[in-house]
Every structure is written in structure tokens, then in C-alpha cells.
Amino acid sequence: MDESCESEQAFGNQLWYFESIGIDDDRLRHNVFGVVEYSVQFGLHELVDDGVFESEPQRERFRHLYEREVHPPSWRQPAHRWLAIGLVAVTLIWLSYLLLRILSA
């Protein structure tokens, strides 16, 4: 189980994992791997998402995507700062070009 607690600033969430045996139409047994996500809002659990997967690696891919969503990008990461600097630089260059074009006409 993965859990982030509810706080004054954000709702919490829980991710529950399960493994079971499922039976198909031909009465053959198969391992089934699943996950259930709950949102914790004001102490109440609300079902958000669920999934059943045929293999454990598929469930792990879901978990990886889930962890990326739970931890949103931050400007503290160097790549994001470089992206912002690049956008500002390109904007300044473009505005300078437009200003020079207007002044030279």
C-alpha cells in the first residue's frame, strides 16, 4: 500500500495492490494483479481509479505513472529552470527582432 496523508493544503490518497487467481471462459486459472486508488477527503475514502493487469510488470508500469502524478514537477528541478530560462531568452530575442524591424522601417 502506498499512502499520502491528508493535510490542510491537500487531500490524501491511498493505492492498494492485490494479487488473485482469475478463471477465464475455458475454466483455466490465471494470476491477476490489480490496484485500487482511493482519495482521502475529510477522512472519507472515495474510489478514484482501479485496474486489473495480466502481469506484475504491467502493474508496476501503472505504479510508476501514478508516482509521477502524485509528485508534480517542481521548479527546483534544474531541467525546469533551464526550460524557463530558455523560454525567456527566446522571447527576448524575438521581441528584440520585432523592435529592430519596426525601428528600421
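Summary of the structure given here.

About the thresholds
Residues numbered from 1 in each chain as written. Predicted model: local features only at pLDDT ≥ 70, side-chain atom pairs only at ≥ 80, totals over all residues. Heavy atoms only, no water. Phe/Tyr/Trp six-rings, centres within 6.5 Å; stacked < 30°, edge-to-face > 60°. Buried < 20%, exposed > 50% of the residue type's maximum accessible area, 1.4 Å probe, protein only. Helix = DSSP H or I, 4+ residues; strand = E, 2+ residues; numbered from the N terminus. Expected span 1.5 Å × (residues − 1). Pairing = 2+ DSSP bridges. Axes fitted to C-alpha atoms, helices over the stretch in contact; angles between N-to-C directions. Core = buried A, V, L, I, M, F, W, Y, C linked by side-chain atoms within 4.5 Å. Contact = heavy atoms within 4.5 Å. Salt bridge = Lys/Arg side-chain N within 4 Å of Asp/Glu carboxyl O.

## Focus: the packing of aromatic side chains
The final tally for this structure, using the stated rule, is three aromatic pairs. For the ring pair Phe53 and Phe62, a centre distance of 5.8 Å and an interplane angle of 40° mean the geometry is tilted. As far as burial versus exposure is concerned, Phe53 and Phe62 are alike and both buried.

## Remarks on helix H2 (residues 78-104)
Under the 1.5 Å per step criterion, the end-to-end length of H2 is 39 Å for 27 residues, consistent within 8% with the ideal 39 Å. Burial of H2 is sparse: only zero of the 27 residues sit out of reach of the surface.

## Regarding unusual backbone geometry
In the Ramachandran plot, Arg27 falls in the positive-phi region, its phi being about 60° despite a non-glycine side chain. Inspection of the secondary structure assignment puts Arg27 in the loop between strand S2 (12-23) and strand S3 (29-41). Notably, Phe42 is not glycine yet its phi reads approximately 55°, a positive angle. With respect to the helices and strands, the residue Phe42 is situated in the loop between S3 and strand S4 (44-53).

## Details of the sheet that holds strand S1 (residues 2-4)
In spatial order, the strands read S1-S2-S3-S4; together these four strands make up an open sheet with antiparallel pairing. Because the sheet does not close on itself, it has two edges, and the strands there are S1 and S4. Sheet twist, expressed as the average angle between the axes of neighbouring strands with direction ignored, equals 20°.

## Focus: the nonpolar core
Among the nonpolar cores identified, the biggest contains five residues, and these are Leu15, Val35, Phe53, Phe62 and Tyr66. Residues within four places of Tyr66 in sequence aside, it is in contact with Asn13, Gln14, Leu15 and Glu37.

## So, the pattern of salt bridges
Summed over all chains, the structure comprises two salt bridges. The residue Arg59 makes a salt bridge to Glu19 at a minimum N-O spacing of 3.3 Å. Of this pair, Arg59 sits in helix H1 (residues 56-70) while Glu19 is found in strand S2, placing the two residues 40 residues apart along the sequence. Its relative accessible area of 4% is what places Arg59 among the buried residues. Overall, the relative accessible area of 53% leaves Glu19 in the exposed class. The closest approach of N and O atoms between Arg59 and Glu56, which form a salt bridge, is 3.6 Å. Pair noted here: Arg59 and Glu56 are both in helix H1, with a separation of three residues, about one helical turn. Because the salt bridges share partners, they merge into one network encompassing Glu19, Glu56 and Arg59.

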